[in-house]
Amino acid sequence: MEATEVKDIWDIRRILIIITRKWWWPFLSLVLALGAAWAYLRYVEPTYKSDATIQVDLSIPSILSDKREHSTFPTELFFEGYMEIFTLHEVVKQVVDTLHLDWEIYSRGKVGRTLIFPLPFYIELSPYTLDSIFWHRYKSVSVRFYEDKSYMIYAGDSLSFSGEVDKWVAIQGGRCRIRWAEGSRVAPGEYEIYHFPRPQVITSWQQRISIVPKRGLTVLQVSIMDKSPTRAAYVLNMLLHVARDYEKSLKQIQYERAIKYIDTLLAFVGREIGKVQDTLAIIERQADAPFMQARREYALRAFTTILDQSEWNQRKEVLNDLLSQVQSLITILKEGRKSPLTPITSSLDDKELGADIVNKANDLIQKWNQSLRIYHENAYPLNKLREDLIQWLTYAYSVFSVQIKYIDMLSLQIQKSFFSQRGKMFRDISMERDFSILMENLNLSREIYKMLLEKKIQFSIDKEAIVSSIRITQPSIVPIVPLYPNPFQVYVIALAFGLISGVGGIILWYAFTQTVSYRVDLEGLAPVSILGELPYASADRSATVPISGIQLEVLRSLRSALSFVWDAEGTPTLIVSSTVSGEGKTYVTRSLAYVYALAGHKVLLIDADLRRASLSQETGLRGNGLTLLLANPHLSDSDIEQAIVSYGRDNFFFLSAGPSAPNPPELLESPNMKNIIAYVQKNFDFIFIDTAPLGLVSDTLSIVRHTYNSVILYVFRADYSKISFLKHLYDLVQKNHLRKVYLLFNGTKLSKPRYGYGYGYGYYGKEYERKYYFSPSDRKGATWAKLREWLPL
């Protein structure tokens, strides 16, 4: 039989199965969490939040904003001012004084106390200075009212006096009176009164107020938080009304200041207008204003005529060009070079001054160029012609220079004439500009004066019809659900915490234990086939083999199942083992052997656990046993026959482990073990061998090698054996090539959901006898057994 690899134990299906079977963990954690949430909500002082919605109406005229004109200030800054109104010290102080928020009165009941608002009564002290002295000394006092309107005030052992409502009572330093609030009557009982310093109360209420834009900037949500829902709604409504009145008073003051400031501006602007008019009159007289325009036109005409010298500029450019050409020709001739000369180019007409000089110079240049081709370079005619050409070019240079100087002199005269006329023209222009500026200032001052008059009239009208820009679109109501702690949130958190802690506890428990409780889970993880399951049940411990009725039926079913796995040849041999001790392999081996004996078969039960020998210790037959047979060098069949004893029935025999041996593996590997197996297989119908745990020692593998056709029954105990044992079993089967290995799920409890044979799971075995087996007379044990039947402990 091939072993299958052990599957992952952390798959989601496995975790869900574990959670559904340990359902009481999350249920219990949920109950505890909900109980803690209820207690928390019951005893923690809640905080309520009362909300109101207001709208700032910009259509109402004001000094800072006006729908008919552009706003003087940015809209954001304007609304920030409105948001700050509700937290101003003056506004909050008026609310505190009106509602007497520096007082807190609690009615004391059988369980806890309750804040009362509005205040049902007031304590008045006379003179006024006694009030601060009294409450500075006594932070709180208690008052007990009676049916006859009498009362008693006490504060520990230092203060105690009595009186009647609305009557003054003499106290140390003055008088005291309790006055009922208008329209209220105080019920008899005990009340606690607390008085707080007013600055502290104002600061506290300022911190409780919050203003948040709700839709854009025109709609605001004003909120107040308090431990009393009634007081929160009262204070918020009062705050809205006080803020509206305060805003109206601010507008009144603003209008008065604005009108006063406008009067100041009107007087100033009027004086400035008079000054400008006087200055204009002086300028008109000094500048001879009626003739100013005529003088400017005359100067501009003269200036335009004088500045028209484009022809002179062109003439000067031509002369400069001629000078440069003549100068270059003179330089060439004086250097004595006998090379052809370039004629002078000029744009002068033949009739213009200097044109004849240029023409004669070009004739001489042409004659020079012709002479160079005729005469030798040192010939007399050529030298004579060069001197004449130099003389004529020098004359031309002097003539052109004189003409340029004449043009420059004429330009200088024109500039002098321009500067003499420009001063007069600029003076007239400057005076005209000053006159124009003064006229603009005069017109602007008149416009400002007119605008100030209009504003004064407008502000005077608006002052008489001031309305608040704050509109209450949704007044505050008494909140029902506290803001903190929110019952819904607390219960949701409690449910989440309870569920997470319960499920997390199950997962942690499974991570630490990693045990299997049901056969259905084992079948999903086991590397070999599961032959069956054996339930836990109480049995008569005085019997040779303590087996209950239900266990006997299950063992018979296992006997039938084993009949399909035995080999057709040879004596059927069953080797029973487990991973560690305490999994019930010894009990399973003895019970199965006993069931086969009940069927009339000749059965041999062998205790091959040479280390612990649980079967031998229970029977007390450990003297002559397997260890002595294995250690006997001259082992005979008679020795084996003598070591085998009857075990409660004529066809049920037992071979004990014998005395303790220091070398069990070597003994089991000896040839004597093979001889013993061969002998017993000849003389018995069925052989059952109880071996040592495979997870601790390898003794069982030595026995398997001597019993080739044997069947190995591996015991796995519910809620005890770890899942890692299955991986160990898989490794054993793969490494040692074991055949016919089957798993028995042991210790299922009858009260659990059933699978397969349907017998639940539990515990058994000698080691756990005191814990799981109880006599009928043991009352404590019987109670524990019932608890284990009904509770998933």
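What counts, and at which threshold
Residues numbered from 1 in each chain as written. Predicted model: local features only at pLDDT ≥ 70, side-chain atom pairs only at ≥ 80, totals over all residues. Heavy atoms only, no water. Salt bridge = Lys/Arg side-chain N within 4 Å of Asp/Glu carboxyl O. Helix = DSSP H or I, 4+ residues; strand = E, 2+ residues; numbered from the N terminus. Buried < 20%, exposed > 50% of the residue type's maximum accessible area, 1.4 Å probe, protein only. pLDDT = per-residue confidence, 0-100. Contact = heavy atoms within 4.5 Å. Phe/Tyr/Trp six-rings, centres within 6.5 Å; stacked < 30°, edge-to-face > 60°. Expected span 1.5 Å × (residues − 1). Arc of directions from axis to C-beta. Axes fitted to C-alpha atoms, helices over the stretch in contact; angles between N-to-C directions. Parallel < 35°, antiparallel > 145°, perpendicular 65-115°, else oblique. Left-handed = near helix turned anticlockwise from the far one by under 90°. Nonpolar A, V, L, I, M, F, W, Y, C, P; charged D, E, K, R; others polar. Pairing = 2+ DSSP bridges. 1 Å grid on protein atoms, 1.4 Å probe; cavity = no way out; pocket = protein on both sides within 12 Å on 5 of 7 lines; lining within 4 Å. Points joined across faces, edges and corners; volume = space filled by probe spheres on them. Patch = residues over 30% accessible without salt bridge, like charges linked within 9 Å, V, L, I, M, F, W, Y side chains within 5 Å. Areas by Shrake-Rupley, 256 points an atom, 1.4 Å probe, with all protein chains shown as cover.

*Asks:* Teacher, can you tell me more about the pattern of salt bridges here?
*Replies:* Opposite charge on two side chains lets them pair, provided their charged atoms get close. The tally for this structure, following the rule as stated, stands at 25 salt bridges. Among the ionic pairs, Glu-192 bridges to Arg-108, the shortest N-O distance being 2.2 Å. Linking Glu-192 in strand E10 (residues 189-195) with Arg-108 in strand E2 (residues 103-108), this pair joins segments that are 84 residues apart in sequence. One salt bridge connects Asp-226 with Arg-208, and the closest N-O pair in it is separated by 2.6 Å. One end of the pair, Asp-226, is in strand E12 (residues 219-226); the other, Arg-208, is in helix H6 (residues 198-208), with 18 residues separating them in the sequence. The class of Asp-226 is buried, set by a relative accessible area of 3%. Residues joined by salt bridges that share partners form a network here, namely Glu-104, Arg-208, Asp-226, Lys-227 and Arg-231.

*Asks:* Can you walk me through the confidence of the model for the protein chain in this structure?
*Replies:* Interpretation of the predicted coordinates at a detailed level should be avoided for regions scoring low in pLDDT. Taken as a whole, the protein chain shows an average pLDDT of 81; of its residues, 83% reach a score of 70 or greater. Mean pLDDT values over the elements of the protein chain span from 36, in helix H23 (residues 769-772), up to 94, in strand E19 (residues 686-690). Note on residues 66-73: pLDDT under 50 across the span, and twelve contacts to partners over four residues away in sequence or across chains. Within the model, the stretch residues 751-780 combines pLDDT values under 50 with 89 contacts to residues more than four positions away or in other chains.

*Asks:* Quick question: what am I supposed to make of the packing of aromatic side chains here?
*Replies:* To describe a pair of aromatic rings, you give the distance between the ring centres and the angle between the ring planes. Applying the stated criterion across every chain yields a total of 23 aromatic pairs. A centroid spacing of 5.1 Å and a plane angle of 80 degrees characterise the contact between Trp-103 and Trp-135, whose relative ring orientation is edge-to-face. With Trp-103 in strand E2 and Trp-135 in helix H5 (residues 128-137), the pair connects residues that are 32 residues apart, well separated along the chain. Summarising the burial analysis for this pair, Trp-103 and Trp-135 share the class buried. With a centroid separation of 5.5 Å and an interplanar angle of 80 degrees, the aromatic rings of Phe-117 and Tyr-234 are classed as edge-to-face.

*Asks:* Explain helix H20 (residues 671-683) here, please?
*Replies:* An α-helical turn contains 3.6 residues, so any two residues separated by three or four positions project in the same direction. Its 13 residues place the ends of H20 19 Å apart at the C-alpha level, agreeing with the 18 Å of an ideal helix rising 1.5 Å per residue. Along H20, the residues that are buried comprise Asn-672, Met-673, Ile-676, Ile-677, Tyr-679 and Val-680. Along the axis of H20, the buried residues cluster in a sector spanning 165 degrees; they form a single face. Exposed and oriented more than 90 degrees from the buried face of H20 are Pro-671, Lys-674 and Lys-682.

*Asks:* Sorry if this is basic, but what is going on with the packing of helix H2 (residues 24-43) against helix H12 (residues 487-513) here?
*Replies:* Helix-helix packing is characterised by the crossing angle of the two axes and by the distance between the axes. Relative to each other, H2 and H12 sit at 150 degrees, their axes nearing to 8 Å. In this view, H2 runs roughly antiparallel relative to H12, as classed from their interaxial angle. Once H2 is placed against H12, the crossing between them reads as right-handed. Counted by class, the contact of H2 with H12 contains 18 nonpolar, five polar and no charged residues.

*Asks:* What should I look at first to understand the sheet that holds E19 in this one?
*Replies:* Whenever strands of a sheet pair, they do so through backbone hydrogen bonds, lying parallel or antiparallel. If you trace the eight strands from one edge of the open sheet to the other, you get E14-E21-E20-E15-E19-E16-E18-E17, paired in mixed fashion. Each of the sheet's edge strands pairs with one partner strand only, and the pair in question is strand E14 (530-535) and strand E17 (645-649). Within the sheet, the average angular offset between the axes of one strand and its neighbour, ignoring direction, is 25 degrees. For strand E15 (residues 573-578) and strand E20 (residues 711-717), the ladder comprises five bridges, and the chain directions are parallel. Its bridge partner being in E20, Ser-578 is matched across the sheet by Val-715. This element, helix H14 (residues 549-562), spans E14, E15 and strand E21 (741-748) of the sheet and lies at about 170 degrees to E14. Together, E15, E19 and E20 form the strand contacts of helix H21 (residues 699-706), whose direction differs from that of E15 by roughly 165 degrees.

*Asks:* Any chance you could explain the environment of Pro-199 here in plain terms?
*Replies:* Assignment of secondary structure puts Pro-199 in helix H6. By relative accessible area, Pro-199 is classed as exposed at 57%. Residues Pro-199 and His-89 lie 110 residues apart in sequence; the distance between their C-alpha atoms is 9.6 Å.

*Asks:* How should I be thinking about empty space enclosed by the protein in this particular structure?
*Replies:* One pass over the full model with this rule turns up one cavity of 30 Å³ or more. Lining the largest cavity are Val-92, Val-95, Val-96, Leu-101, Trp-205, Ile-209, Ile-224, Val-235 and Leu-239. Of all the secondary structure elements, the ones that give two or more residues to the lining of the largest cavity are helix H4 (89-99) and helix H7 (229-286). Counting residues per element, the lining of the largest cavity draws most heavily on H4, at three residues.

*Asks:* Looking at this structure, how should I read a nonpolar patch on the surface?
*Replies:* Side chains of Tyr-40, Met-225, Leu-483 and Tyr-484 sit close together on the surface and give an oily, nonpolar patch of about 360 Å² of accessible area. Mapped onto the secondary structure, Tyr-484 falls in the loop between strand E13 (470-474) and H12.

*Asks:* Help me understand helix H1 (residues 12-21) in this model?
*Replies:* Those residues of H1 that fall on the buried side of the exposure criterion are Arg-14, Ile-15, Ile-17 and Ile-18. Buried positions in H1, seen along its axis, are confined to an arc of 160 degrees and lie on one side of it. More than 90 degrees from the buried face of H1, the exposed residues found are Ile-12 and Thr-20. As for H1, its buried residues are in contact with H12 and helix H13 (519-525).

*Asks:* Before we go on, may I ask you to explain the pairing of E17 in this structure?
*Replies:* Consecutive side chains of a regular strand alternate in pointing toward one face of the sheet and then the other. Here E17 runs beside strand E18 (residues 652-655); their pairing, made up of three bridges, is antiparallel. Looking across to E18, one finds that Arg-649 is bridged to Phe-652. Counting the residues between successive antiparallel strands, the hairpin from E17 to E18 contains two residues.

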